[in-house]
Amino acid sequence: MAHELAPLPYPKDALEPHIDALTMEIHHGRHHKAYVDNLNKAIAGTPVEALSIEALIGNLAGVPDAIRGPVRNNGGGHWNHTFFWNLLGPGKGGTPTGDLGAAIIAAFGSYADFQAKFEAAGIGRFGSGWAWLVVNGGKLEIVSTANQDNPLMGKAIAGCEGTPILGVDVWEHAYYLKYQNLRAAYLKAVWNVVDWGRVSALHAAALHADAT
Ligand code: MN3
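Note that this is a predicted model, so its numbers are computed, not measured.

**Q** Give me the lowdown on helix α4 (residues 98–108), citing residues and values where you can.
**A** When we look at burial in α4, the residues that qualify are Leu100, Gly101, Ile104 and Phe108. Buried residues in α4, looked at end-on, bunch into an arc of 100°, giving them a common side. Exposed positions of α4 whose direction lies more than 90 degrees from the buried face are Gly98, Asp99 and Ala106. In the segment just after α4, Gly109 is the residue with positive phi, at about 100°.

**Q** Lay out the domain arrangement of the protein in plain terms, naming residues and giving numbers.
**A** Looking at the assigned domains, one finds that the protein contains domain 1 (21–85) and domain 2 (98–211). Together, the buried faces of domain 1 and domain 2 total about 1,600 Å²; carbon and sulfur atoms form 65% of this surface. Sorting the residues of domain 1 by area buried against domain 2 places Asn80, Phe83 and Phe84 first, and these three jointly supply 33% of that buried surface. Linking domain 1 with domain 2 are one salt bridge. Where Asp149 meets Arg72, a salt bridge forms, and the shortest distance between an N and an O atom there is 2.8 Å. The tally of links between domain 1 and domain 2 comes to nine residue pairs in polar contact (both at pLDDT 80 or more). Counting only elements with at least two residues in the side of domain 1 that touches domain 2, the list comes to α1 (21–43), α2 (53–58) and α3 (65–87). The biggest single contributor to the side of domain 1 that touches domain 2 is α3, with nine residues.

**Q** Let's hear about the nonpolar core: which residues, and what values?
**A** Among soluble globular proteins, nonpolar side chains are generally buried collectively. Phe114, Leu166 and Trp196 are the most contacted members of the largest nonpolar core, which has 61 residues in total. When residues of this core are assigned to their parent elements, the largest contribution, seven residues, is made by α3. Summarising the domain contributions, this core has at least three residues from each of domain 1 (21–85) and domain 2 (98–211). If sequence neighbours within four positions are ignored, Trp196 has contacts with Gly93, Gly94, Thr95, Pro96, Leu100, Ile104, Tyr111, Phe114, Leu166 and Trp191.

**Q** Before we move on, could you go through the pairing of strand β1 (residues 129–136) and cite the residues and values that matter?
**A** Within a regular strand, side chains alternate between the sheet's two faces. Buried residues dominate β1, accounting for seven of its eight residues. Here β1 pairs with strand β2 (residues 139–146) via eight bridges, running antiparallel. Bridge pairing in β2 places Trp132 opposite Val143. Hairpin connection between β1 and β2: a loop of two residues separates the two successive antiparallel strands, and Gly137 in this loop has a positive phi of roughly 60°. Of the strand pairs in this sheet, β1 and strand β3 (residues 163–169) are connected by six bridges, and their pairing is antiparallel. For Trp132, the partnering residue across the bridge sits in β3 and is Gly167.

**Q** Please provide a residue-by-residue account of the packing of α4 against helix α9 (residues 196–211), values included.
**A** Two elements in contact, α4 and α9, have axes whose closest approach is 8 Å; the angle formed by their N-to-C orientations is 80°. By the angle class used here, α4 and α9 are roughly perpendicular. Residue-level inspection shows Asp99, Leu100, Ala103 and Ile104 of α4 in contact with α9, the latter providing Trp196, Val199, Ser200 and His203. Tallied by class, residues from the contact of α4 with α9 come to five nonpolar, two polar and one charged.

**Q** Give me the side chain of Asp149: which residues, what numbers.
**A** For Asp149, the location among the structural elements is in the loop between β2 and α6 (155–158). For Asp149, a relative accessible area of 5% puts it in the buried group. Of note is the side chain of Asp149, whose polar atom sits 2.8 Å from the side chain of Arg72. Sequence-distant contacts of Asp149, defined by excluding residues within four places in its chain, comprise Arg72, Asn80, Trp132, Ile157 and Ala158.

**Q** An account of α1 is needed here, citing residue identities and associated values.
**A** Helix length check: α1, at 23 residues, gives a terminal C-alpha distance of 32 Å against a target of 33 Å (1.5 Å per residue), a fit within 8%. Along its length, α1 shows its largest kink, about 30°, at His27. All of the buried residues in α1 are Ala21, Thr23, Met24, His27, His28, His32, Tyr35, Val36, Leu39, Asn40, Ala42 and Ile43. Against α2, α3, β3 and α7 (176–179) lie the buried residues of α1. Residue Gly45 follows α1 closely and has a positive phi angle near 75°.

What counts as what
Just so you know, the residues in each chain are numbered from 1, in the order the chain's sequence is written. Given that this is a predicted model, residues contribute local features only at a pLDDT of at least 70 and side-chain atom pairs are listed and counted only at 80 or more, while totals for whole chains, interfaces and linings are drawn from all residues. Hydrogens and water molecules were not included; the side-chain quantities draw on all heavy atoms of the structure. Each residue's exposure class comes from its accessible area (1.4 Å probe, protein chains only) as a fraction of the maximum for that residue type: buried when under 20%, exposed when over 50%, partly exposed otherwise. Put simply, DSSP marks the helices as runs of H or I at least four residues long and the strands as runs of E at least two long, and each gets a number from the N terminus on. To be clear, the arc concerns the directions from the helix axis to the C-beta atoms. Domain start and stop points were drawn from an automatic or database domain assignment. Two parts placed together each lose some accessible area; with a 1.4 Å probe, that loss summed over both constitutes the buried area. Any Lys or Arg side-chain nitrogen found within 4 Å of a carboxyl oxygen on Asp or Glu counts as a salt bridge. For the purposes of these results, a polar contact is taken to be a pair of N or O atoms within 3.5 Å, where, inside protein, one atom must be able to donate a hydrogen and its partner to accept one; residues adjacent in sequence count only when each atom of the pair is a side-chain atom. Only buried Ala, Val, Leu, Ile, Met, Phe, Trp, Tyr and Cys residues count toward a nonpolar core, and they belong to the same one when joined by side-chain atoms within 4.5 Å. Whether two residues touch is decided by their heavy atoms; if any such pair falls within 4.5 Å, the residues are in contact. Two strands make a pair as long as DSSP finds a minimum of two bridges between them. Between N-to-C directions, angles span 0 to 180 degrees; the directions come from axes that are lines fitted to C-alpha atoms, helices contributing only their stretch in contact. An angle counts as roughly parallel when it lies under 35 degrees, as roughly antiparallel when it exceeds 145, as roughly perpendicular when it falls between 65 and 115, and as oblique in every other case. Residues are grouped as follows: Ala, Val, Leu, Ile, Met, Phe, Trp, Tyr, Cys and Pro are nonpolar; Asp, Glu, Lys and Arg are charged; every other residue, Gly included, is polar. Multiplying 1.5 Å by the helix residue count minus one yields the expected span of that helix. We define the bend at each residue as the angle formed by axes fitted to the 7 residues ending at it and the 7 residues starting at it.

Here it is as structure tokens:
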């Protein structure tokens, strides 16, 4: 069963003016598609061909040596982008409330402090990568990864660990058409389209998983 590129969960112009339609079209239709196509090419005819994307990136040690690199990059790219699209939405943004809002204040002092720390993680990632909010051992942490690495790959590979509940792509392809070199401006704009309801649901599920 080959991995598939799901359609965007909203029209490509839905996140305007914060993320422009052309960026969304190219990012989803070309960049994400290439990760899916190259993942399928890498695993075709191998013992890991039938595994889910979660099983692949969550256990790269179990992937044959010859394709571990391509699965790390393209499998990570596929998982990360699917996650990212589904965390965003038109008319979202605002401030997280409920248990997640309280957990953010407990971990970072305030929502503004959390935003500043998350933006710093994205800005501080040299080259390409991702900024993440994860649940690790029941606690919130902000981390970043290089390239298409993901905290689910584990500390030895990704340099961090935990269950992602928010992830923001800081590759230039995510923002260059509208923001050029201004990654910081892009990161500030993304807050306007984060679906905190979805992040809250992921937070609750991750806490439940860490407790069992
Ligand atoms: Mn990307």
